[in-house]
Amino acid sequence: MKYLMLINASLDADGAPTGCSTPEDWMLFDKSMKDAGVHVGGNSLADFTTAAAVRVDERGERIVTDGPFAESREVLGGYFVVDVPDFDVALDWAARCPGARDGGHIVVRPLASYGD
Amino acid sequence: MTGRAAAASVEAVFREERGLLLAALVRRFGDLDLAEEVTSEAIEAALVHWPAEGVPPKPGAWLMTTARRKAVDRLRRDQAYAARLAELQVEAERAPAPPPATGGDLPDERLQLFFTCAHPALPAEDRTALTLRCLAGLTTPEVARAFLVPSATMGKRIVRAKNRIRTLRIPFRVPDAGELPGRLPGVLQVVYSIFTEGYAASSGPDLQRPDLAEEAIRLARILRRLLPGEREVAGLLALMLLVHARRDARTGPDGGLVLLDDQDRGRWDRAMISEGTALVEVALIGGPPGLYGVQAAIAALHDEAADVASTDWPQIVALYDVLRGLAPSPVVELNRAVAVAMRDGPAAGLSLLDSLADEPRLRGYGPFSAARGDLLSRLGRRPEAADAYREALELAGTEPEREHLRRRLAEVRGES
């Protein structure tokens, strides 16, 4: 069963992440997922706020706007996908993620499986 | 008898078996929906066959075989469903062996179902509804009555909760030793919330709903059998027994509320009190005290006292001190203030209450206003007492509570 883990960081008043994790923490976490054979994929976003949104309206016109995220205090920082037997194991991995600490949280969502 | 009424009465007869059967089938098939469906079918089949052919020598095994056969039939008819379950099957097989059954001939695998139903990823109301449905063996209309919502609403909520379990793939598994301390309080909380709704209904015509309180006690007895080494399970069962022991004295002949001071202590259930008191010792010995153990100890002190005056209030205040250390909350502070008032006089209690007046959680909390009204009236400050009672009256959820508060209000206004 595959789960998408959305890493949500919390930002302080200046827009800087409140997290105290180091790159080593993340490398260690990444390695432990790979060693356990549960790691399917994942990426970090280049920064917390740079984004654009694309919409196509009813006339087929493309509308591009800059990301509406700047004022938000919680922002998506990255994601990973794990393949584990059940939800409790997924929650265990989410709890081990450095992004779950210091005001951040991980949203765990099951991926659809179409009989694969 | 209509088909539905017949089915409901069958479910009532097979209350205990229903939970056991359901849990065993969930373990076997890894799917709550299928397990529920075939559990009901097997019990209906028993009602058809047993009166005519006699109860089989191993009734549990008969029910299990019948239910499994029906499940296999269902899976033959629905290949897509079968394919999805086949995938789940692998996980079900990894679960540890069930504990031995006590009495009867069904293995007791309900513990894992308790943890699934009380999973933190489910909304709190759904946890209670599922536990009542799957473990207490209540029918959906009965669960709906427990929540005072229409049957159809509850039916939808249960379906939604089961879908959530399936979609997230919440496992049917007892958490391991490392995880248990984090997960057990959630299970106990569900059972206790069923009890508190039974002890003091939040709304509706009746003050108490003893059927719900008894369901909660029954669930706690099951947990106590399955987790004999967990002291907080003993504490929860003790607390509920010690409080429920006073049920008959808590309401007057007209259904009205009778406060602790005025209760006829001769009507307290002595057998329940001694069972509860013995469990308090189990709960408090051999480790640091837990939330339920301490609350049970407080309840035991009330139950052992001959009257309010001779109650060991200093000890009760001391236990509230322990409780506020374990789980600080404005409601604990409120109860502690009332105990302090009994130990040191109403003025001491009132000054504690007034220091809590800014707590957001106590704003709009009826028992806070009622306690203030009581202390103010004991101090002879009648107009202020009347204001407090009026406030409590507006916040009360049941008619017997309102009636009691109207009486107190009339007293402090000198109308009686």
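The notes below deal with the structure included here. (Residues numbered from 1 in each chain as written. Chains lettered and ligands numbered in written order. Predicted model: local features only at pLDDT ≥ 70, side-chain atom pairs only at ≥ 80, totals over all residues.)

Things to note about the packing of helix H19 (residues 366-378) of chain B against helix H20 (residues 382-395) of chain B
Residue and element names in this part refer to chain B.
And step 1. The geometry of H19 relative to H20 is characterised by a closest axis approach of 8 Å and an angle of 160° between their N-to-C directions. Between H19 and H20, the angle is such that the two are roughly antiparallel. As for the relative orientation of H19 and H20, their crossing is left-handed in sense. Each of Gly 366, Ser 369, Ala 370, Arg 372, Gly 373, Leu 376 and Ser 377 in H19 lies in contact with H20, whose residues at this interface are Arg 382, Glu 384, Ala 385, Ala 388, Tyr 389, Glu 391, Ala 392 and Leu 395.
And step 2. Of the residues assigned to the contact of H19 with H20, the class counts are 7 nonpolar, 4 polar and 4 charged. (Axes fitted to C-alpha atoms, helices over the stretch in contact; angles between N-to-C directions. Helix = DSSP H or I, 4+ residues; strand = E, 2+ residues; numbered from the N terminus. Parallel < 35°, antiparallel > 145°, perpendicular 65-115°, else oblique. Left-handed = near helix turned anticlockwise from the far one by under 90°. Contact = placed C-beta atoms within 7 Å. Nonpolar A, V, L, I, M, F, W, Y, C, P; charged D, E, K, R; others polar.)

Some thoughts on the sheet that holds strand S6 (residues 105-110) of chain A
All names here are of chain A.
And step 1. In spatial order, the strands read S2-S5-S1-S6; together these 4 strands make up an open sheet with antiparallel pairing. Here the strands that pair on one side only, and so sit at the sheet edges, are strand S2 (39-44) and S6. With strand direction ignored, the average angle separating the axes of adjacent strands in the sheet is 20°.
And step 2. Contacting strand S1 (2-10), strand S5 (74-83) and S6, helix H2 (residues 87-96) runs over the sheet at an angle of about 155° to S6. (Pairing = 2+ DSSP bridges.)

As for the packing of helix H11 (residues 210-226) of chain B against helix H12 (residues 231-244) of chain B
Residue and element names in this part refer to chain B.
And step 1. At their nearest, the axes of H11 and H12 sit 9 Å apart, and the two run at 150° to each other. If you check the angle between H11 and H12, you find them roughly antiparallel. For the crossing formed where H11 meets H12, the hand is left-handed. On H12, the residues touching Ala 213, Ala 216, Ile 217, Ala 220, Arg 221, Leu 223 and Arg 224 of H11 are Val 233, Ala 234, Leu 236, Leu 237, Met 240, Leu 241 and His 244.
And step 2. Counted by class, the contact of H11 with H12 contains 11 nonpolar, 1 polar and 2 charged residues.

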